[in-house]
Amino acid sequence: MVGRTGAGSAAGRIAWMCAAHVVSMPGFAAYSTLLPRLQQEWGINNSQAGFVSGAFFAGYMTAVPLLTGITDRIDARRVYFFSCLVLAAALGGFALLAEGFMSAALFQAVAGAGIAGTYMPGLRVLTDNTDGAAQTRAVSFYTAIFGLGTSVSIVASGWVADGWGWRAAFGAAALGPLVAGAMVAFGMPPSRLAQVRSASIVDFRPVLRAGQVRAYILGYTVHCWELFGSRSWLVAFCYFAQATQPGGGLWGWSPVAVAAIANLFGPPASVVGNELALRYGRGRLITAVMIASGVLTCMLGFTNALPWYAIAALAMLHMMLVMGDSSALTAGMVMHSAPEARGATMAVHSTLGFGAGFLAPLAFGAVLDAAGGNTSSTAWGAAFACLGAAALAAPFYLGFARRARDEQH
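Reading the values: the criteria
- Residues numbered from 1 in each chain as written.
- Predicted model: local features only at pLDDT ≥ 70, side-chain atom pairs only at ≥ 80, totals over all residues.
- Heavy atoms only, no water.
- Helix = DSSP H or I, 4+ residues; strand = E, 2+ residues; numbered from the N terminus.
- Rg over C-alpha atoms; globule rule 2.2 N^0.38 Å.
- Buried < 20%, exposed > 50% of the residue type's maximum accessible area, 1.4 Å probe, protein only.
- Phe/Tyr/Trp six-rings, centres within 6.5 Å; stacked < 30°, edge-to-face > 60°.
- Core = buried A, V, L, I, M, F, W, Y, C linked by side-chain atoms within 4.5 Å.
- Contact = heavy atoms within 4.5 Å.
- Axes fitted to C-alpha atoms, helices over the stretch in contact; angles between N-to-C directions.
- Parallel < 35°, antiparallel > 145°, perpendicular 65-115°, else oblique.
- Left-handed = near helix turned anticlockwise from the far one by under 90°.
- Nonpolar A, V, L, I, M, F, W, Y, C, P; charged D, E, K, R; others polar.
- Polar contact = N/O pair within 3.5 Å; in protein donor to acceptor, adjacent residues only side chain to side chain.
- pLDDT = per-residue confidence, 0-100.
- Patch = residues over 30% accessible without salt bridge, like charges linked within 9 Å, V, L, I, M, F, W, Y side chains within 5 Å.
- Areas by Shrake-Rupley, 256 points an atom, 1.4 Å probe, with all protein chains shown as cover.
- Salt bridge = Lys/Arg side-chain N within 4 Å of Asp/Glu carboxyl O.

Q: Any chance you could explain the overall build of the protein here in plain terms?
A: Along the backbone of the protein there are 19 helices and 0 strands. Here the C-alpha radius of gyration of the protein, 20 Å, is about what a compact globule of 409 residues would show, namely 22 Å. Here the C-alpha coordinates of the protein stretch approximately 60 × 55 × 40 Å along the principal axes. Residues classed as buried in the protein amount to 60% of the 409 residues present.

Pasting the structure below:
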């Protein structure tokens with residue numbers, strides 16, 4: 001039984017935190033799922049739509065240094081609970097008050113700040129209550145479950161919006177964080193606070209001096225550039241691709257269904273990726289996955305001439321490959337972080353990663369507009385290629401390819 005002192009075993013604590021993580025996320029993909037209908041209703045162009053997507057990550061990036069870094073001094077459960085309240089308020093505000101480009105961007109930014117205080121602080125709650133091999137697997141499952149939460153968000157948002165409209169979808173999504181906050185506040189043990197010597201509220205200097213974690217943090221930044229850029233526009237791309245098909249779809253599967261299923265491939269891919277990294281080496285796994293995902297991402301936007309079932313399959317393979325190195329990168333960061341600066345390390349990791357998540361949707365929309373608009377296959381191809389190129393180059397300029405060669409000997 002899970003009570004105030006948490007689950008009695010490491011497996012129970014991992015399961016509880018993963019469940020809370022999914023419950024907190026119904027609003028995460030609501031905007032990207034409902035983007036085609038919001039874009040039509042509000043009359044906004046692709047660059048403006050991309051900016052609204054990016055505003056979420058701007059809010060995240062602004063808040064995460066404080067909300068994650070401060071977990072070195074304050075019980076992470078308190079940060080998590082407060083942030084769930086902020087997230088619920090932002091989603092409720094979007095449902096009631098969003099009327100166009102600027103108001104939507106404002107509420108998305110506040111929602112991003114709320115997620116900033118749940119994702120990495122939630123990981124801090126979990127890693128402070130696990131040790132050894134269980135800790136590595138805790139990181140793997142927790143970060144992987146993000147994909148399941150995204151799929152739930154896509155399906156729930158689309159289903160509620162189809163029945164009751166997009167405002168109801170955002171309003172319903174506001175309930176999830178309230179439940180998740182209670183689950184963590186009353187269902188997990190307190191975090192272990194380090195003996196922090198610095199007088200600063202959040203001290204990033206130990207992170208900047210720790211050379212071993214830098215590659216993992218920058219690798220995660222590239223991963224987020226590719227992942228969040230793709231996630232923000234995948235439903236819209238699937239609508240474009242489906243519209244070019246003579247039959248209009250695969251066994252009645254809508255673009256929302258395809259995107260939701262594609263995201264379900266992420267969690268097992270991330271978990272398996274971390275297990276392969278433990279067995280064969282992190283450098284080898286990260287290098288192989290980044291190259292493979294980069295190649296497919298560069299190709300995906302040009303595939304609309306293929307049969308719809310092939311496009312759907314490629315979208316699923318794409319999300320599986322993009323997520324294949326997620327847990328390996330974050331687990332590598334946690335393993336090499338100093339205990340007294342773990343919160344600050346997670347803050348830098350998440351700030352740079354979600355900072356890329358802010359820029360990627362905006363860059364994608366700008367390239368899409370500049371290359372011909374969202375009715376052009378060439379434009380979609382160029383937009384996806386701007387995401388995949390970074391993943392192709394990253395293993396070489398971050399040293400993972402060199403590490404992979406060392407691990408073979």
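The discussion continues.
Q: What is the right way to read the packing of aromatic side chains from this model?
A: Both the distance between ring centres and the angle between the ring planes are used here to describe each pair of aromatic rings. Under the defined criterion, the tally for this structure stands at 22 aromatic pairs. Ring centres 5.5 Å apart and planes at 80 degrees place the aromatic pair phenylalanine 28 and phenylalanine 56 in the edge-to-face group. Of this pair, phenylalanine 28 sits in the loop between helix 1 (10–23) and helix 2 (30–42) while phenylalanine 56 sits in helix 3 (residues 46–69), and the two are 28 residues apart along the sequence. Using a relative accessible area of 13% as the deciding quantity, one classes phenylalanine 28 as buried.

Q: What am I meant to see in the nonpolar core here?
A: Note that soluble globular proteins tend to have their nonpolar side chains buried in a common cluster. In terms of nonpolar packing, the biggest core is built from 123 residues, with Tyr31, Phe94, Tyr119, Phe170 and Trp380 touching the most fellow members. At 18 residues, the largest contribution of residues to this core is made by helix 11 (residues 211–243). The contact partners of tryptophan 380, leaving out residues within four places of it in the chain, are Trp233, Ala236, Phe237, Phe240, Gly301, Phe364, Leu368, Asn374 and Thr375.

Q: When you look at the packing of helix 7 (residues 132–164) against helix 13 (residues 266–280) in this model, what are you seeing that I'm missing?
A: Any two packed helices are characterised by how steeply their axes cross, that is the angle between the axes, and by the distance between the axes. The N-to-C vectors of helix 7 and helix 13 enclose an angle of 155 degrees; their axes lie 7 Å apart at closest approach. The orientation of helix 7 relative to helix 13 falls into the category roughly antiparallel. In the packing of helix 7 onto helix 13, the handedness of the crossing is right-handed. For the pair helix 7 and helix 13, contact is made by Thr136, Arg137, Ser140, Phe141, Thr143, Ala144, Gly147 and Leu148 and by Pro267, Ser270, Val271, Asn274, Glu275 and Leu278, respectively. Each residue belonging to the contact of helix 7 with helix 13 can be placed in one class, and the counts come to 6 nonpolar, 6 polar and 2 charged.

Q: It is not clear to me how the side chain of aspartate 75 should be interpreted in this structure. Could you clarify?
A: Summarising the element assignment, aspartate 75 is placed in the loop between helix 3 and helix 4 (76–97). By relative accessible area, aspartate 75 is classed as buried at 11%. Among the polar contacts listed, one links the side chain of aspartate 75 to the side chain of arginine 77, at a separation of 2.9 Å.

Q: Explanation requested: helix 12 (residues 255–264) in the structure shown.
A: It helps to recall that an α-helix has 3.6 residues per turn; residues three or four apart then point in one direction. The buried fraction of helix 12 is high, at 7 of 10 residues. Taken as a whole, helix 12 has its buried residues at Pro255, Val256, Val258, Ala259, Ala260, Ala262 and Asn263.

Q: I tried to follow the confidence of the model for the protein on my own but got confused; where do I start?
A: Keep in mind that low pLDDT regions are not for reading the predicted coordinates in detail. Residues of the protein with pLDDT of at least 70 account for 91%, and the chain-wide mean is 86. Confidence, read as mean pLDDT per element, is least for helix 10 (residues 205–209) in the protein (63) and greatest for helix 8 (residues 166–173) (97). Low pLDDT (under 50) marks residues 1–6, which in the prediction has 18 contacts with non-local residues, meaning those over four places away or in another chain. Confidence drops under a pLDDT of 50 for residues 195–200, and excluding neighbours within four residues, the segment shows 8 contacts in the predicted structure.

Q: Please clarify how the packing of helix 2 against helix 7 should be interpreted in this entry.
A: With their axes 8 Å apart at the nearest point, helix 2 and helix 7 run at an angle of 40 degrees to one another. Considered as vectors, helix 2 and helix 7 are oriented oblique to each other. In this structure, helix 2 meets helix 7 at a crossing whose hand is right-handed. Judged by residue contacts, Ala30, Thr33, Leu34 and Arg37 of helix 2 engage Ser153, Ile154, Ser157, Gly158, Ala161 and Asp162 from helix 7. Partitioning the contact of helix 2 with helix 7 into residue classes produces 4 nonpolar, 4 polar and 2 charged.

Q: How should I be thinking about a nonpolar patch on the surface in this particular structure?
A: Taken together, the side chains of Phe81, Leu85, Leu175 and Leu178 define a hydrophobic patch exposed on the protein surface, amounting to about 350 Å² of accessible area. Within the element layout of this structure, leucine 175 appears in helix 9 (residues 175–187).

Q: How do you make sense of the environment of glutamine 39 when you look at a structure like this?
A: Position of glutamine 39 relative to the elements: it lies in helix 2. On the accessibility criterion, glutamine 39 (13% relative accessible area) is buried. Separated by 359 residues in sequence, glutamine 39 and leucine 398 place their C-alpha atoms 38 Å apart. Apart from the residues lying within four places of it in its own chain, the contact partners of glutamine 39 are Ile44, Asn45, Asn46, Ala49 and Asn374.

Q: How should the environment of leucine 218 be read in this particular structure?
A: Within the element layout of this structure, leucine 218 appears in helix 11. If we ignore the near neighbours within four places in the chain, the residues touching leucine 218 are Leu352 and Leu398.

Q: So what exactly am I meant to see when it comes to the side chain of serine 327 here?
A: Take serine 327: it is sitting in helix 16 (residues 326–336). Every residue in contact with serine 327, bar those within four places of it in the chain, is listed here: Val139, Ser140, Thr143, Ala144, Ser270, Val271 and Asn274.

Q: Help me out: how do you make sense of the environment of tyrosine 309 in this one?
A: Among the secondary structure elements, tyrosine 309 is positioned in helix 15 (residues 308–323). According to the relative accessible area criterion, tyrosine 309 is exposed, its value standing at 54%. Between the C-alpha atom of tyrosine 309 and that of alanine 401, which follows or precedes it by 92 residues, the distance is 34 Å.

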